[in-house]
Amino acid sequence: MAFSVAIDGPAGAGKGTIAKYLSERFNLKHLDTGLLYREAARLVIADGGNTLDVVRLEEIAQKVDTHHINEENLRNEETASVASQIAVVPSLRRVLTQKMRDFASSVSSAYQGVVLDGRDVGSVILPQADVKIYVTADEQVRVLRRTKELGSVAMQEILEGIKARDARDGNRQTAPLQIADGAIVLDTTFLDTKEVCEKAAEIVECALSNCEAIDNMSKTSSCLSKK
Ligand code: C5P
C-alpha cells in the first residue's frame, strides 16, 4: 500500500484546501471522497429524489464512477444536503467506501501516494493511513468561509445547511464523523490558508521522515493535538 494521508473534518473546516495543497507538494494523488456522495446525490435527484429506497440507493451508488465525476454542478447546498441524507444508508456507504479503497490501492507508481479527504477516511476507509489529520474550526468561521466560496447564497441558508449536515454526519450510526484513532487535530479557526497548509505539510513531512517528531510537534503547538 502506497503512502497515505487521511484528512477528515466537518464542512468548511478547510479539508479540501489542505488536501489539494498536500497533493501538489508531496505528489500525492487526491480524492475528495465527498464528491462521490455528491455525485450519488446528483444521480438520486435525477432518478426522482427518493432518499429512502435503500435498494435503489445501492444500485445508484454502483453507478458512481470515481474517475469521471464532473465537479461543476455538485458544489451547491441542495446536492450537499441530499448527499448527507443518503450518506446515512449503510449499503450505499459500503459501495462507495469500496470504490474509495480501490482508488487508494491502485494509485500509479508515478505518485508518492494518496491523500483522501472526507468524514470517515481515517476511521473507516483507510484506518491504516500513515498520516491522519482531523481538521476543524469554529462553526461561525466555517459558515463565513462557505459563504465566500459559494458567493450568491445567503449566510443564513449556509448556516442552517451546515448545522443540519454536522448533526447528521456526526450522529449517524454508520461511520459518523469523528476524530480517528491516532489523528492529529488541526484547528484552523485562527489560521489563514497559508498557515493551515504549512501546518499540515509539517505533519506529513514528519511522517515521511521521523514519526516521533509528530508527537513532539503536537505537544508544542497550540493548534495541534494528538488524540
Ligand atoms: O465533503 P462534502 O461536503 O462534499 O461531503 C458531502 C456529504 O457527503 C457530507 O455532508 C457527508 O454526509 C457525506 N460524506 C460522508 N463521508 C465521506 C465524505 C462525505 O458521509 N467520507
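Residue numbering note: each chain is counted from 1, following its sequence as written. Local features in this predicted model are restricted to residues whose pLDDT is 70 or higher, and side-chain atom pairs enter the listing and the counts only when it is 80 or higher, whereas totals over whole chains, interfaces and linings include all residues. To obtain the side-chain values, all non-hydrogen atoms of the structure were included, while hydrogens and water were left out.

*Asks:* Would you mind going over the overall build of the chain in detail, with residue names and values included?
*Replies:* Strands here are runs of E lasting at least two residues and helices are runs of H or I lasting at least four, both read from the DSSP assignment and numbered beginning at the N terminus. Check the secondary structure of the chain and you find 10 helices and six strands. What the globule rule says is 2.2 Å times the number of residues to the power 0.38, and the radius of gyration is computed from C-alpha atoms. Radius of gyration (C-alpha) of the chain: 17 Å, near the 17 Å computed for a compact globule of 227 residues. Based on the C-alpha atoms only, the size of the chain along its principal axes is roughly 50 × 40 × 30 Å. Going through the 227 residues of the chain one by one, you find that 50% of them count as buried. Residues are treated as being in contact if the distance between any of their heavy atoms lies within 4.5 Å. Long-range pairs, those at least 24 residues apart, make up 78% of the contacts in the chain between residues at least 6 apart in sequence. In these tables, accessible area is a Shrake-Rupley quantity obtained with a 1.4 Å probe, and a residue counts as shielded only by the protein chains included in the view. Roughly 11,000 Å² of accessible area belongs to the chain as shown, and the carbon and sulfur atoms make up 48% of that amount. Within the chain, one finds 28 positive and 33 negative side-chain charges whose respective centroids are separated by 1 Å. To sort residues, take the accessible area from a 1.4 Å probe on protein chains only and compare it with the maximum for the residue type: under 20% means buried, over 50% means exposed, and anything in between is partly exposed. In this tally, Asp and Glu contribute negative charge and Lys and Arg positive charge; neither His nor the terminal groups of the chain are included. To locate a charge, the coordinates of NZ of Lys, CZ of Arg, CG of Asp or CD of Glu are taken.

*Asks:* Would you mind going over empty space enclosed by the protein in detail, with residue names and values included?
*Replies:* Using a probe with the size of a water molecule, rolled over the atoms, empty space left in the structure can be pinpointed. Definitions used for this entry: grid spacing 1 Å over protein atoms alone; cavity, a set of points where a 1.4 Å probe fits but cannot get out; pocket, an open set with protein on both sides within 12 Å along at least 5 of 7 lines; lining residue, one with an atom within 4 Å of a point. Grid points are joined across faces, edges and corners, and a volume is the space filled by probe spheres set on the points. Taken as a whole, this structure holds one cavity of 30 Å³ or more when the rule is applied. Tallying contributions element by element places helix α7 (residues 139-150) first for the lining of the largest cavity, with three residues. Within the lining of the largest cavity, the residues separate by chemical class into two nonpolar, one polar and six charged. Under the scheme applied here, ten amino acids are nonpolar (Ala, Val, Leu, Ile, Met, Phe, Trp, Tyr, Cys and Pro), four are charged (Asp, Glu, Lys and Arg), and all others, including Gly, are polar.

*Asks:* Run through the packing of α7 against helix α8 (residues 155-171), naming residues and quoting values.
*Replies:* It is the contact of α7 with α8, at a shortest axis distance of 9 Å, that shows an interaxial angle of 125°. Between α7 and α8, the angle is such that the two are oblique. Where α7 crosses over α8, the handedness of that crossing is right-handed. Residue-level contacts link E139, R142, V143, L144, R146, T147 and L150 of α7 to M155, I158, L159, I162, K163, R165 and D166 of α8. To get an axis, a line is fitted to the C-alpha atoms, and for a helix only the part in contact is used. The angle between two axes follows their N-to-C directions and goes from 0 to 180 degrees. Each angle is binned into one of four classes, with values under 35 degrees roughly parallel, values over 145 roughly antiparallel, values of 65 to 115 roughly perpendicular, and all other values oblique. Crossings are sorted by hand: turned counterclockwise from the far helix by less than a right angle, the near helix makes the crossing left-handed, and turned clockwise it makes it right-handed.

*Asks:* Break down the packing of helix α4 (residues 77-86) against α8 for me, citing the residues and quoting the values.
*Replies:* One way to put it is that α4 packs onto α8 with a least axis distance of 10 Å and a crossing angle of 15°. On the basis of the axis angle, α4 is roughly parallel to α8. The two elements α4 and α8 meet at a crossing, and its hand is left-handed. Between α4, through E77, A80, S81, S84 and Q85, and α8, the contact on the second element is made entirely by E157, I158, G161, R165, R168 and D169. Residue classes in the contact of α4 with α8 are distributed as two nonpolar, four polar and five charged.

*Asks:* Give a description of the layout of surface pockets that names residues and reports values.
*Replies:* Taken as a whole, the largest pocket spans an internal volume of roughly 970 Å³. Taken together, 46 residues line the largest pocket, and the ones lying closest to its centre are G16, D32, R75, D117 and R146. Counting residues per element, the lining of the largest pocket draws most heavily on helix α2 (residues 33-46), which supplies six residues. When the residues that make up the lining of the largest pocket are grouped by side-chain class, the tally is 15 nonpolar, 13 polar and 18 charged.

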